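# Commentary on secondary and tertiary structure
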Amino acid sequence: MNNSRPDIMVPLTVKAADEGTEIFLIDSGFRRISSAVGRMQTEVKPGIYKVRFRAGEAQVDRFIEVTNAARGGRNSVEVSEAPLSITSAAPIPGTRAFSQCHEAAWRRAWQCPDKNLGHGGRIFLMVRDTDSTNSCDSSGRRRQPWRGVTLSDTGGKILCDMSREGLSDSSIGAGTVHVELDPGSYVLRVNTSVSGIQKMAVAVCPGWQTQILMAATRYRHSSKGRIRTAFRANLADAAVFMVKIDSAGNPAEYMPKHLRLTELARQGLAQGRIPMRSEDLHDMLWAKYENPMLGIIGAHLMLKTPEPDLNMLSEVVDNLERLVSGHPDVLALRLAVNARRSVEMEEVPVCAAPPMLSASWQIIVEQSIKWPDIAPVGSLAARIGFGNLLGSTWFVWRRERLPARNNESSGKARRNPDPIRLKIANSASQRSRSDGIMSFITTMDTLSPMSRQIREIPRQETLVQLLSRVRERFPMGNIQTGANEYPELSRIQRFLVQEVAVQPVAGGEIDPTPVVRRMGMPSPSVLGIARSLLRK
């Protein structure tokens, strides 16, 4: 005899193992009836339900039966779940690819620098092979995924090569290097051997060690029916932490919760989700004193909430500015918070090197319309172009596929750089994606023709005026056949023409904001491309 009464609502409590786990409740009709983060309390009718737990890319489903006996039965249902094994490039206990050997290598190498090139800040790099089933290449030799990983200054001079320096052990598939440097911005480069060089800016702050841990992945390139592969570090999915230089012990020992939360927050930011409750986001922001990167990512997540606490965010950014002074991502947060609060900057912001996060780069790009000098002419931030649209938390750019002879590997900056070679993705599917997802891009070399054209732009001619002139010279009717009518235009110039042509004109002027956002580069760089168009 069934004693359950379908008209009675039964209290249901669902608990996740940590505050970064999302919870979804789905009924027998495959309808999502409730969702929460960390903990869910609701009331449901008796029946069969599916509870889904999601943390990062990990997901577990559980089926439950909710009943309410009429005579002294249970009056509530409680469901709990153990911590999910998330994916992380760092050897954090409880993650999917955790290895005690890798954790021991992390613990041994991160304290004492292998190389001293300055004083005040440090960078720790680790590359590990997470494929325990096969650690050999096609020739039977042990893989060395740290090959091709180098650290350079913003001018291109190589400072450290992981294949020659640091500690590496092919038997366990882990390589590390620890460098002491002057505070500032540096460039981490991964030569994939088959699909070009990937680059990412790394900020080094006084008294802090920036840790970048990368898992190896297989890169493929197909040409003329031949497929080439290489096993190299995956920069786009790197785990990044910041640790005080004078801290004792391994970060996985004294702040394991913060490391896991940082990874969950990073993956949520990359996927466009907010995997935290509002109160947990507040806790993340105040955890910045032990790991500033957690506070920076948490601030970006809070900015994406419908009603962010701008006063608290302003206070958090104030503290971050004192804690990690000079960090480009903190400057981007200051610009975003001040813009939301309608507060003017006390001085002209300058971001000579790009930030580490893609979300921060979006802010720099959009604010460059109001502050054209935010990316100084000739700086690394001004030399960055745009390209493929891929979802990564980190702002990673790349060159086109390597030529036969590459001067970049010598560690010397080029004196006679090749002409600009920009590769963009403007297919219909890619153009329809979110403007905010733009991690893999193409660079322009120092002293390139584009840089020289930017230098020659008259200050009195604004970006709005230049875009209007571009629209007059290349009217809407010629866009579809632009490749035939204007064969001398480069692909990046045609892309700008197309973007300008589709923008509405109000009062005889074009709003440059959507153009700059779609181009994905600071306004001085867009201005230089417009100038080069008008000179043809």
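Coordinates for the structure precede this section.
Glancing now at the overall build of the chain. When helices and strands are tallied, the chain shows 16 helices and 21 strands. The buried share among the 536 residues of the chain stands at 52%. Across the chain, contacts joining residues at least 24 apart in sequence account for 70% of those joining residues at least 6 apart. Of the roughly 24200 Å² that the chain leaves accessible, carbon and sulfur atoms contribute 46%.

Secondary-structure assignment places Gln-209 in strand S16 (residues 208–223). According to the relative accessible area criterion, Gln-209 is buried, its value standing at 2%. Among the polar contacts listed, one links the side chain of Gln-209 to the side chain of Gln-211, at a separation of 2.5 Å. If near-sequence neighbours (up to four positions away) are discounted, Gln-209 is found in contact with Trp-110, Arg-122, Phe-124, His-178, Phe-241, Met-242, Val-243 and Ile-245.

Another point: the sheet that holds strand S2 (residues 22–26). Strand order across the open sheet formed by 4 strands is S3-S2-S5-S6, with antiparallel pairing between neighbours. In this open sheet, the two strands that pair with only one neighbour each are strand S3 (32–37) and strand S6 (58–66). Ignoring which end each strand starts from, the neighbouring axes of this sheet average 20° apart. The pairing of S2 with strand S5 (residues 47–55) spans 5 bridges and is antiparallel. Residue Ile-23 lies in a different strand from S5, and its bridge partner there is Phe-53.

Running from N to C, helix H6 (residues 310–323) and helix H7 (residues 328–341) point in directions that differ by 155°, and their axes come no closer than 10 Å. With respect to H7, the axis of H6 lies roughly antiparallel. Every pair of crossing elements has a handedness; the one defined by H6 and H7 is left-handed. Contact residues: Leu-310, Asn-311, Leu-313, Ser-314, Val-317, Asp-318, Leu-320 and Glu-321 in H6; Val-330, Leu-333, Arg-334, Val-337, Arg-340 and Arg-341 in H7. Within the contact of H6 with H7, the residues separate by chemical class into 7 nonpolar, 2 polar and 5 charged.

Membership of the largest hydrophobic core comes to 93 residues, with the highest contact counts inside it found for Leu-188, Met-214, Trp-394, Leu-496 and Met-519. By size, the runner-up hydrophobic cluster in this structure holds 20 residues, among which are Val-10, Ala-16, Ile-23 and Leu-25.

Bridge analysis of strand S9 (residues 121–128) against S16 gives 7 bridges, and the strand direction is parallel. The residue bridging Leu-125 from the neighbouring strand is Ile-212, located in S16. Summarising the sheet, S16 and strand S18 (residues 239–244) pair through 6 bridges and their orientation is antiparallel. In the strand pairing of S18, Ile-212 is matched with Val-240. Looking at chain direction, S16 and strand S17 (residues 226–233) are connected through 8 bridges and run antiparallel.

Below, the discussion takes up unusual backbone geometry. Of note, the phi angle at Phe-30 is positive, near 65°, even though the residue is not glycine. Tracing the sequence through the fold places Phe-30 in the loop between S2 and S3. Judged by its relative accessible area of 75%, Phe-30 falls in the exposed class. Notably, Ser-342 is not glycine yet its phi reads approximately 60°, a positive angle. Relative to the assigned elements, Ser-342 resides in the loop between H7 and helix H8 (358–367).

Using the criterion set out here, one finds 14 salt bridges in the structure. Residue Lys-50 pairs with Asp-61 through a salt bridge whose shortest N-O separation is 4.0 Å. Separated by 11 residues along the polypeptide, Lys-50 in strand S5 and Asp-61 in strand S6 bring together distant segments of the chain. Accessibility expressed as a relative area gives 33% for Asp-61, which makes it partly exposed. One network of salt bridges, in which partners are shared, links Lys-50, Arg-52 and Asp-61.

Two elements in contact, helix H14 (residues 491–501) and helix H16 (residues 523–534), have axes separated by 10 Å at closest approach and are oriented at 100°. Classified by the angle their axes make, H14 and H16 are roughly perpendicular. Here H14 contributes Ile-492, Gln-493, Leu-496 and Val-497 to the contact with H16, which in turn contributes Val-526, Ile-529, Ala-530, Ser-532 and Leu-533. Looking at side-chain class alone, the contact of H14 with H16 contains 7 nonpolar, 2 polar and no charged residues.

This paragraph deals with H16. Compared with an ideal rise of 1.5 Å per residue, which puts 12 residues at 16 Å, H16 spans 17 Å between its outermost C-alpha atoms and is within 8% of the ideal. H16 sits mainly inside the fold: 12 of its 12 residues count as buried. Along H16, the residues that are buried comprise Ser-523, Pro-524, Ser-525, Val-526, Leu-527, Gly-528, Ile-529, Ala-530, Arg-531, Ser-532, Leu-533 and Leu-534.

Procedures and definitions
- Note that residues are indexed from 1 along each chain, following the sequence as it is written.
- A pLDDT threshold of at least 70 governs which residues receive local features in this predicted model, and a stricter bar of 80 or more applies before side-chain atom pairs are shown or counted, although totals over entire chains, interfaces and linings include all residues.
- Note that water and hydrogens are dropped before the side-chain values are worked out from all heavy atoms of the structure.
- Strands here are runs of E lasting at least two residues and helices are runs of H or I lasting at least four, both read from the DSSP assignment and numbered beginning at the N terminus.
- Accessible area is worked out with a 1.4 Å probe on protein chains only. A residue is then buried under 20% of its type maximum, exposed over 50%, and partly exposed in between.
- Should any heavy atoms of two residues lie within 4.5 Å, those residues are considered in contact.
- Exposure was quantified through the Shrake-Rupley algorithm and a 1.4 Å probe, taking into account, for residues, occlusion by the shown protein chains and nothing else.
- N or O atoms within 3.5 Å of each other form a polar contact, as long as, within protein, one can give a hydrogen and the other can take it, and as long as residues adjacent in sequence are counted only when both atoms are side-chain atoms.
- Following DSSP output, two strands are said to pair if at least two bridges run between them.
- Helix axes are fitted to C-alpha atoms over the stretch in contact, other axes to C-alpha atoms as well, and angles between N-to-C directions run from 0 to 180 degrees.
- If an angle is under 35 degrees, it is roughly parallel; if it is over 145, roughly antiparallel; if it lies from 65 to 115, roughly perpendicular; otherwise it is oblique.
- Handedness of a crossing follows from how the near helix is turned relative to the far one, being left-handed for an anticlockwise turn of less than a right angle and right-handed for a clockwise one.
- Just so you know the grouping, Ala, Val, Leu, Ile, Met, Phe, Trp, Tyr, Cys and Pro go in nonpolar, Asp, Glu, Lys and Arg go in charged, and all remaining residues, Gly too, go in polar.
- Residues belong to a common nonpolar core when they are buried Ala, Val, Leu, Ile, Met, Phe, Trp, Tyr or Cys residues joined through side-chain atoms within 4.5 Å.
- We count a salt bridge whenever a side-chain nitrogen from Lys or Arg sits within 4 Å of a carboxyl oxygen from Asp or Glu.
- By definition here, a helix of n residues has an expected span of 1.5 Å times n minus one.

Geometric descriptors of this kind do not, in isolation, establish any biological role.
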